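For reference, the chains in residue letters:
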Amino acid sequence: MARGRIRARIRRSHLYTFACGRPRTSEEERPHEFEGPGFSRIVHCNQPDMHTKKPLKYCSNYISTTKYNIITFLPKAIFEQFRRVANLYFLLAAVLSLTPISPFSAVSMIAPLAFVVGLSMAKEAMEDWRRFIQDMKVNLRKANVHKTDGVFNQKPWMKLRVGDVVKVEKDKFFPADLLLLSSSYEDGICYVETMNLDGETNLKVKRALETTLSLDDEESFKDFSGIIKCEDPNPSLYTFVGNFEYERQIYPLDPSQILLRDSKLRNTAYIYGVVIFTGFDSKVMQNSTKSPSKRSRIEKQMDKIIYILFTLLVFISCISSIGFIVKTKYNLPDWWYLQVPDKEGLYDPGKPWVSGFYHLITALILYGYLIPISLYVSIEVVKVLQALFINHDIHMYDHETGTPAQARTSNLNEELGQVDTILSDKTGTLTCNQMDFLKCSIAGTPYGMRASDVELAAAKQMAMEMDNQSQNGTPRSWRKSEFTESEIELETVITSNDGDVRKPAIKGFGFEDNRLMNGNWFKEPNADVMLLFFRILSICHTAIPELNEETGIFTYEAESPDEGSFLVAAREFGFEFCRRTQSSIVVRERYPSYDEPIESKRKRMSVIIRDESGQIFLLCKGADSIIFDRLSRNGRMYEEATTKHLNDYGEAGLRTLALAYKKLDEDKYSAWNEEFVKAKTSIGGDRDAMLERVSDMMERDLILVGATAVEDKLQNGVPQCIDKLAQAGLKIWVLTGDKMETAINIGFACSLLRQGMKQICITTMNTDAIVQDPKQAVKENILNQITNATQMIKLEKDPHAAFALIIDGKTLTYTLEDDMKHQFLNLAIGCASVICCRVSPKQKALVTRLVKEGTGKITLAIGDGANDVGMIQEADIGVGISGCEGMQAVMASDFAIAQFRFLERLLVVHGHWCYKRIAQMICYFFYKNIAFGLTIFYFEAFAGFSGQSVYVDWYMLLFNVVLTSLPVISLGVFEQDVDSEVCLEFPSLYQQGPKNLFFDWYRIFGWMGNGLYTSVIVFFLNIIIFYDQAFRAGGQIADMTAVGTAMFTGIIWAVNCQIALTMSHFTWIQHFFIWGSIAFWYLFLLVYGELSYALNVNAFRILTEVLAPAPIYWTTTLLVTIACNLPYLAHISFQRSFNPLDHHVIQEIKYYKKDIEDRHMWRAEKKKARHKAKIGFTARVDAKIRHLKGRLHKKYSIANNISIPQT
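The rules we used
Residues numbered from 1 in each chain as written. Predicted model: local features only at pLDDT ≥ 70, side-chain atom pairs only at ≥ 80, totals over all residues. Heavy atoms only, no water. Helix = DSSP H or I, 4+ residues; strand = E, 2+ residues; numbered from the N terminus. Buried < 20%, exposed > 50% of the residue type's maximum accessible area, 1.4 Å probe, protein only. Contact = heavy atoms within 4.5 Å. Core = buried A, V, L, I, M, F, W, Y, C linked by side-chain atoms within 4.5 Å. Patch = residues over 30% accessible without salt bridge, like charges linked within 9 Å, V, L, I, M, F, W, Y side chains within 5 Å. Areas by Shrake-Rupley, 256 points an atom, 1.4 Å probe, with all protein chains shown as cover. Salt bridge = Lys/Arg side-chain N within 4 Å of Asp/Glu carboxyl O. Lys, Arg positive; Asp, Glu negative; His and termini not counted. Charge placed at Lys NZ, Arg CZ, Asp CG, Glu CD. UniProt positions renumbered as here; feature names shortened; annotations may be inferred. Pairing = 2+ DSSP bridges. Axes fitted to C-alpha atoms, helices over the stretch in contact; angles between N-to-C directions. Parallel < 35°, antiparallel > 145°, perpendicular 65-115°, else oblique. Nonpolar A, V, L, I, M, F, W, Y, C, P; charged D, E, K, R; others polar.

Student: Please explain the environment of Gly 863 as it appears in this structure.
Tutor: Following the sequence through the fold, Gly 863 ends up in strand 31 (residues 858-863). Since its relative accessible area comes to 0%, Gly 863 is described here as buried. Through-space distance from the C-alpha of Gly 863 to that of Ala 889 is 6.4 Å; in sequence the pair is 26 residues apart. Excluding residues within four positions of it along the chain, Gly 863 makes contact with Asp 425, Thr 429, Asp 868, Ile 872, Val 879, Gly 880, Ile 881 and Ala 889.

Laid out in structure tokens, this is it:
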């Protein structure tokens, strides 16, 4: 931004008009007539105290994006915890543990539950506290507010009230929705940047009512008062209806007087405005939605597994209860030494069914180890640690802004590895709003030697393929032909790199060609056409110049970045635009001009000038399809050559415009100008149509001058990131508030679109007044377009064909309705890329919801502005970009990054890792708990279903808390199937997540079956070996404690060796946790056996005196460990040998160092591993190569055909 001084008192109200006549003011129009629901808001200007009581009391300006507050935290957080099925079960078990029927003490059941739930709630509180802190940063921003007697004081945004008069200075955000009263310009206009609302980069002009223009200093508000009657709060950003009562007059209000919260004041020193809507009543907040409570798909599926295990628990409990009823009725009376019935009536042979019911409850608690209570807390710990790794990843740290990545919630880490569709904002997310003038075509001659990124990539790829072909023995004649053509095609690439010393980079100007620089264009043929070309660049625009007083160079505030690049190019070519007034543009000379803005509907812009000789010219620039249709017969001299250049520029990924002109007679111009002034000053609904008709009359019979090509500067790494995500198999949709043309150009720039891709544009037709039901006619027309497009995709037979769907917000209004949305979604799914333009924030959220619910797959939304909040919250995963346009998107997001390019690493690396880690961790958890829990059930059958556990209570407490928890946590935190570099080189590995290869039901039941097998081996091998035989040197047989301890030792060895076999990546931490857990078990037995408490359970010196001296104990442990893990070892060996997964192949290549020894094989594997994408930079380069090879093949065939007759 230039630091030059703005001339604040120049009247600029006519900069955006086509004629010098001022249109009739809005005060001459009638006030709006409205009443009834939807139009009840009354605002007393400069009297905020009037809005402290109902019915005029409105909401405060305080905003919050948190899930909880002080009152709701406890009930909502408890609900969040106990909607988890396992927690609900353990809550019931904890309550029952207070009764005599519990086999365990109350403390042993309540304490783990309280720890798990408390830890999870504390994590939720910390994450929500961070959101609160970021909210307060916004709420505590300062605003200048009128207090009394013309005095303005600073006040926090959150304390603003409806009716307050505020002063907003240049480059500041508007704190609420305001009615513009006056500005630093005499005619009350101001320039507003709405990028944070609708994604548009061009500046909007807002204009105050003439009656309030005198309120241009602080003192003038001393006695100011007025009443605004307007519409109620609503989410429409582009409409506003109201009346302003001031000095006994009523004036109509429209959107041109409204300044929306979170838009920014630009190019204007200050404005005064009165607050109309505050806080959640403001339009930007009306477009937001409440912070949703998100749960990952894996966690939801985990609930289903809990249901299955709970069903198994109830089933074996019922079996145990039935067995107990039989024993109680028929055997218990004979066991006199048990003193039955007992005092509590739990064992009463006279009431076996009552005793059986009590035993059922006991069994439900006893076998509860089937359901792992530590699973949730372990996952919470793992996810927090995973989030720390994301936060501290140096590769996702933005050095320019000093901003790291931030996992704002860790609940969704594994979702990052399962994303199917990305829905992205454009402005500030994909683009950095900078364009470089790169090439041009003037009078049929191309200029500009620097290559675009697409050309450079194609040249590099072609060189690699030529090298491969030469290694593979391609026929010499073919290689020679291909080299020659490639050399010709990519001459610009070679030339652009041959310069000795390159000049310092000029923002917006990447042109290199000495034929036009330094005035050399005078020496070129057709210099008169070049003069016109440069004049069109420097004159045909709506920009505002600003002089940087330090450098003396003019910079430009333009409606769009490409317009700014044209002016920079014109300046570098020697045509410097330096000043504009309401009647002239100064480019070295002064001459009258009348201009109008380029509209997305018109696709062109024209300006009429009178040159130094008095000749009147119409200068025009616009889309080539529009300009070429308007050329005169004698104006098509350069059409063929220019068309070829435009196609070449398009293939090179450049944005193009055509330039044309025509000479006007004085009489013809005067007659036309009268018609134009009439249309401009008319009042009525057909005013725009009249203007379009009159303008169209003039913009005919043009003479072609040339074309421009600018390279759209995306954020650093965006094309490469999109390319990698496309190769990973992700679908990418762009949802933007920008015009269709801008969105399409960005699509080309980031390779979502390319030359040869078939564009399907769904638009809304203009209905005739004769139609009885216009809305139904429009819907039928849209549905017909969708049906035809869907049919066209189905009938396409070319495997390389790619389709792009482009739709605007107006059409989306219809297609998102229930009777059409599924047809629209089916069409969109069949397209390689989807671009939705001119969409409101609400529509962004609705499209996201449609994709999420319609496909049933995981969606990710990414954006940087307040207009993206609804989309971010609606998606399964919301990613905010912490750019310069406020922090609303970040505050509503689940993950925050500084640049779009970091999304590649967030998904392809961290997402892939987190998904596999969590999936394997959960499967292992259920495996080990089934293996452990079922051994308790087996022993029950041997113990008469008495409710007696084979294990000492301390063993059972340590199993989940210490002995098996740390290894599984290390699996969830450190496991890597491949390293990060390989993840990025083989992006198709990512598809393991969306396909859910590691957490499908086949794998889940496989792990459950493994747990069942382990439980059978552990229990029955120990029972068979220790049962009814001496196992010590003294001839003693094993008691229950000895068998239980030996059995538990076997489980500890089996499950810890199992997790070692599961891991692919070892650090010293994993080794320490796995083998340390086993060592800790023996240490515990050593210490526990020396305690007096061990005497109570017959475990005194259980290791040193009972088990350790017996060789059978160690032999049994070894046998159990081998027998339990042998099937899994055989399974993974067979899979790696005969049906390997992608990462298995890569692991072996890396292990045998084939990636270093045989680079050709490594490159071939990488190419095979690419997902066959139809979007992205690679797909674009492939299309370019296919195009070049087609031309080469054609040329080679023609050469052969010519040579045959000669022979």
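Next comes the rest of the account.
Student: How do you make sense of the nonpolar core when you look at a structure like this?
Tutor: Soluble globular proteins: nonpolar side chains tend toward being buried together. Ranked by size, the top nonpolar core spans 104 residues in total, and within it Tyr 951 and Trp 1081 carry the most contacts. Ranked by the residues each element gives to this core, the list is headed by helix 26 (residues 902-942), at 17 residues. Each residue touching Tyr 951, except ones within four places of it in the same chain, is listed here: Phe 932, Thr 935, Ile 936, Met 956, Gly 1044, Met 1047, Phe 1048 and Ile 1051. Residues Phe 511, Val 587, Leu 618 and Val 694 belong to the second largest nonpolar core, which totals 65 residues.

Student: Which parts of the structure should I look at to understand a negative patch on the surface?
Tutor: A cluster of acidic side chains, namely Asp 149, Asp 217, Glu 219 and Asp 223, defines a negative patch on the protein surface. Relative to the helices and strands, Glu 219 is located in the loop between strand 7 (203-207) and strand 8 (226-230).

Student: Just checking my understanding: could you explain the UniProt feature "binding site: Mg(2+)" (unreviewed entry) in the protein for this structure?
Tutor: When the UniProt feature table is mapped onto this chain numbering, "binding site: Mg(2+)" (unreviewed entry) sits at Asp 425, Thr 427, Asp 864 and Asp 868. Structurally, Asp 864 can be placed in the loop between strand 31 and helix 24 (869-874). A residue is classified by how much of its surface remains accessible, and Asp 864, at 4% relative accessible area, is buried.

Student: For this particular structure, what's the right way to read the pattern of salt bridges?
Tutor: A side chain with one charge can pair with a side chain of the opposite charge if their charged atoms come near. Throughout the structure, instances matching the rule amount to 31 salt bridges. Taking the shortest distance from any N to any O, the salt bridge between Arg 450 and Glu 512 comes out at 2.6 Å. Note that Arg 450 is positioned in the loop between strand 17 (445-447) and helix 9 (453-471) and Glu 512 in the loop between helix 11 (491-496) and helix 12 (527-539), a separation of 62 residues in sequence. The network of salt bridges with common partners includes Asp 171, Glu 193 and Arg 266.

Student: So what exactly am I meant to see when it comes to the side chain of Ser 565 here?
Tutor: Mapped onto the elements, Ser 565 comes out in helix 13 (residues 561-573). Exposure remark for Ser 565: the relative accessible area of 1% places this residue in the buried category. Once residues within four sequence positions are removed from consideration, Ser 565 is found in contact with Met 435, Phe 437, Gly 508 and Val 710.

Student: It is not clear to me how the environment of Val 908 should be interpreted in this structure. Could you clarify?
Tutor: Structurally, Val 908 can be placed in helix 26. Among the residues examined, Val 908 registers a relative accessible area of 3% and is labelled buried. With 75 residues separating them along the chain, Val 908 and Cys 983 place their C-alpha atoms 6.3 Å apart. In contact with Val 908, not counting residues within four places along its chain, are Leu 725, Ala 728, Cys 983, Leu 984, Pro 987 and Tyr 990.

Student: Just to check I follow, could you spell out the pairing of strand 9 (residues 242-246) for this structure?
Tutor: Here is the key point about a regular strand: its side chains alternate between the two faces of the sheet. Among the five residues of strand 9, four are classified as buried, and the element is accordingly described as predominantly covered. Where strand 8 lies against strand 9, four bridges are found, and the strand directions are antiparallel. Among the inter-strand pairings, Lys 229 is bridged to a residue of strand 9, identified as Asn 243. In this structure, strand 9 lies alongside strand 10 (residues 249-253), joined through five bridges in antiparallel fashion. Pairing of Phe 244 across the sheet is with Tyr 251, part of strand 10.

Student: It is not clear to me how a nonpolar patch on the surface should be interpreted in this structure. Could you clarify?
Tutor: Taken together, the side chains of Trp 954, Leu 957, Phe 1080, Leu 1083, Leu 1086, Val 1087, Leu 1091 and Tyr 1093 present a nonpolar region at the surface, about 690 Å² in accessible area. Elements represented by at least two residues in the nonpolar patch include exactly helix 27 (953-963) and helix 32 (1068-1088). A per-element tally of the nonpolar patch places helix 32 first, with four residues. Looking at where Phe 1080 falls in the secondary structure, it is placed in helix 32. Its relative accessible area of 32% is what places Phe 1080 among the partly exposed residues.

Student: When you look at the sheet that holds strand 10 in this model, what are you seeing that I'm missing?
Tutor: Where strands meet in a sheet, backbone hydrogen bonds hold them as pairs that are either parallel or antiparallel. Read from one edge to the other, the open sheet built from four strands follows the order 1-8-9-10, with strand pairing classed as antiparallel. On the outer flanks of this sheet lie strand 1 (41-45) and strand 10, each paired with one strand and no other. Ignoring which end each strand starts from, the neighbouring axes of this sheet average 20 degrees apart. Bridge count between strand 1 and strand 8: five bridges; the pairing is antiparallel. Opposite Arg 41, over in strand 8, you have Cys 230 as the bridge partner.

Student: Hey, could you run me through the packing of helix 26 against helix 27 in this one?
Tutor: Angle between the axes and distance between the axes are the two parameters that describe a pair of packed helices. Between helix 26 and helix 27, whose axes approach to 12 Å, the crossing angle comes to 170 degrees. By the criterion of interaxial angle, the relationship of helix 26 to helix 27 is roughly antiparallel. In this structure, helix 26 uses Lys 928, Asn 929, Phe 932 and Ile 936 to contact helix 27, whose residues at the interface are Met 956, Phe 959 and Asn 960. By residue class, the composition of the contact of helix 26 with helix 27 is four nonpolar, two polar and one charged.

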